[in-house]
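Descriptive analysis of the structure
The primary structure of each chain is shown beneath.
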Amino acid sequence: MSFKLIEKHHSFGGEQCKYRHYSETLQCDMTFSIFLPSNKEEKKIPLIWWLSGLTCTDDNFSQKSGFQRLAEKYQIAVMIPDTSPRGEHVANDAGYDLGQGASFYVNATQEPWAKHYKMYSYIVDELAQIAASLVPHFSGEESIMGHSMGGHGALVIGLKNTERFKAISAFSPILSPSQVPWGIKAFSAYLGEDQATWKQWDTSELIKEISMPPILITQGTQDEFYLEQLDETFFLKVAQENNKPVNYKKMEGYDHSYFFIATFLEEHFAFHMKYLR
């Protein structure tokens, strides 16, 4: 593993770092960001993963949410991948909701996407090894969270790796991607037209069979994407039918922005810390 530090900022006593590396999984150069708390007492440090949404990079969360205050408070490392493979040689689309910036955190099987769009394996395997090497006194304990497309990614990755991730949380996640325009477009392109193959990447399908870790979801009622892309009705119906408890909260007046995320982020960090220590 070879990676290069390209930015470092002191923040709330800890360090906000940005790295570049060549990903063997994605076959392209990638960036990621990581926050390392001060850990003055040299205790074991757990790790939270944050997955961002459509059109974002690893900079959005690190620069807009103010999470560093909470990560330093709880003495926890936070890993922030980019949202897709990047580069002139990487397949792309004219739409914001497909291609670069819109990986949906799946392993693509269809051309022209299959060569590079293996974000699931990149995060779960390759980037996990890098994270473990960067976190001093890493405890081995992890949880995962995300926003919008990244909320979908956090739920899918968390549910497919329940032995690894202690808790999952999401802001405004795509809960039933097989039934909404964003998901249908992405899954058709990346996975093909056989919808049976979509089930392994759909939270509303995964919760039917999997023993879930604790899940917290927060959704704003004034989110401009809520009714068309983020509706929770089917997901919660499936969860109830399969006796899978989910803490789903609607917050009146809040939208899809980082103002919303920053408002409720401390609740999410406190939720994760209940299960990480």
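So, here's what we can say about the structure. (Residues numbered from 1 in each chain as written. Predicted model: local features only at pLDDT ≥ 70, side-chain atom pairs only at ≥ 80, totals over all residues. Heavy atoms only, no water.)

Overview of the sheet that holds strand β9 (residues 247-251)
What counts, and what does not: Two strands pair under a simple rule: DSSP has to find at least two bridges between them. Secondary structure elements follow DSSP: runs of H or I of four or more residues count as helices, runs of E of two or more count as strands, with numbering from the N terminus. Angles shown run from 0 to 180 degrees and are taken between the N-to-C directions of axes, each axis being a line fitted to C-alpha atoms and, for helices, limited to the stretch in contact. Residue contacts are counted whenever heavy atoms from the two residues lie within 4.5 Å of one another.
Strands sit in the order β1-β2-β3-β5-β4-β6-β7-β8-β9 across an open sheet of 9 strands; the sheet is mixed. The open sheet has two edge strands with one neighbour each: β1 (3-11) and β9. Within this sheet the neighbouring strands show an average axis-to-axis angle of 20°, counted without direction. As judged from the 9 bridges shared by strand β2 (residues 14-23) and strand β3 (residues 28-36), these two strands associate in the antiparallel manner. Each bridged residue has a counterpart across the sheet, and for Lys-18 the counterpart in β3 is Ser-33. Running at roughly 165° to strand β7 (residues 165-171), helix α9 (residues 258-276) makes contact with β4 (45-51), β5 (77-81), β6 (138-147), β7, β8 (215-220) and β9 of the sheet.

A few points about the side chain of Thr-203
What counts is decided by this rule: Think of it in three bands: residues with accessible area under 20% of the maximum for their type are buried, residues over 50% are exposed, and the middle band is partly exposed, with areas taken using a 1.4 Å probe on protein chains only.
As for its position among the elements, Thr-203 is in helix α6 (residues 203-206). The class of Thr-203 is buried, set by a relative accessible area of 0%. In this structure Thr-203 touches His-152, Leu-155, Val-156, Leu-159, Leu-175, Pro-177 and Phe-235, once residues within four positions along its chain are discounted.

Here's the deal with the packing of helix α2 (residues 67-74) against α9
Just so we agree on the cut-off: Throughout, the term roughly parallel applies to angles under 35 degrees, roughly antiparallel to angles over 145, roughly perpendicular to angles from 65 to 115, and oblique to all others. Note on convention: near helix rotated counterclockwise from far helix by under a right angle means a left-handed crossing. Clockwise means right-handed. In the scheme used here, Gly and all other residues not listed as nonpolar or charged are polar, with Ala, Val, Leu, Ile, Met, Phe, Trp, Tyr, Cys and Pro taken as nonpolar and Asp, Glu, Lys and Arg as charged.
One way to put it is that α2 packs onto α9 with a least axis distance of 10 Å and a crossing angle of 30°. The angle between the axes of α2 and α9 places the two elements in the roughly parallel class. Like other packed secondary-structure pairs, α2 and α9 cross with a definite hand, here right-handed. When α2 is examined against α9, the residues Phe-67, Arg-69, Leu-70, Ala-71, Lys-73 and Tyr-74 are found in contact with a partner set consisting of Leu-265, Glu-266, Phe-269, Ala-270 and Met-273. Here the residues of the contact of α2 with α9 are counted per class, giving 8 nonpolar, no polar and 3 charged.

Quick notes on helix α4 (residues 149-160)
Formally: Working rule for helices: expected span equals 1.5 Å times residues minus one.
Across its 12 residues, α4 extends 16 Å between first and last C-alpha, which sits within 8% of the 16 Å expected from 1.5 Å per residue. Summarising burial for α4: 11 of the 12 residues are buried, a large majority. Among the residues of α4, Met-149, Gly-150, Gly-151, His-152, Gly-153, Ala-154, Leu-155, Val-156, Ile-157, Gly-158 and Leu-159 are the ones counted as buried.

A word on the pattern of salt bridges
Formally: Note on definitions: salt bridges are taken to be side-chain nitrogens of Lys or Arg within 4 Å of carboxyl oxygens of Asp or Glu.
Taken as a whole, this structure holds 13 salt bridges when the rule is applied. Two residues, Lys-185 and Asp-97, come together in a salt bridge whose shortest N-O distance is 2.7 Å. Residue Lys-185 is found in helix α5 (residues 181-191), and its partner Asp-97 is found in the loop between β5 and α3 (119-134); the two are separated by 88 residues along the sequence. Taken together, the shared-partner salt bridges in this structure form one network comprising Lys-18, Asp-58 and Asp-59.

As for the nonpolar core
In summary, soluble globular proteins display a tendency toward joint burial of nonpolar side chains. Threshold: Take the buried Ala, Val, Leu, Ile, Met, Phe, Trp, Tyr and Cys residues and link them wherever side-chain atoms come within 4.5 Å; each set so joined is a nonpolar core.
Counting 70 residues, the largest nonpolar core has Trp-49, Phe-104 and Tyr-190 as its most contacted members. Ranked by the residues each element gives to this core, the list is headed by α3, at 10 residues. Apart from residues no more than four positions distant in its own chain, Trp-49 is found in contact with Met-79, Pro-81, Ile-123, Leu-127, Ala-128, Ala-131, Glu-142, Ser-143, Ile-144, Met-145, Arg-164 and Phe-165. In terms of nonpolar packing, the next biggest core, distinct from the first, is built from 21 residues, Phe-35, Phe-67, Met-145 and Phe-260 among them.

Everything listed here is a matter of geometry and, on its own, says nothing about what the molecule does.
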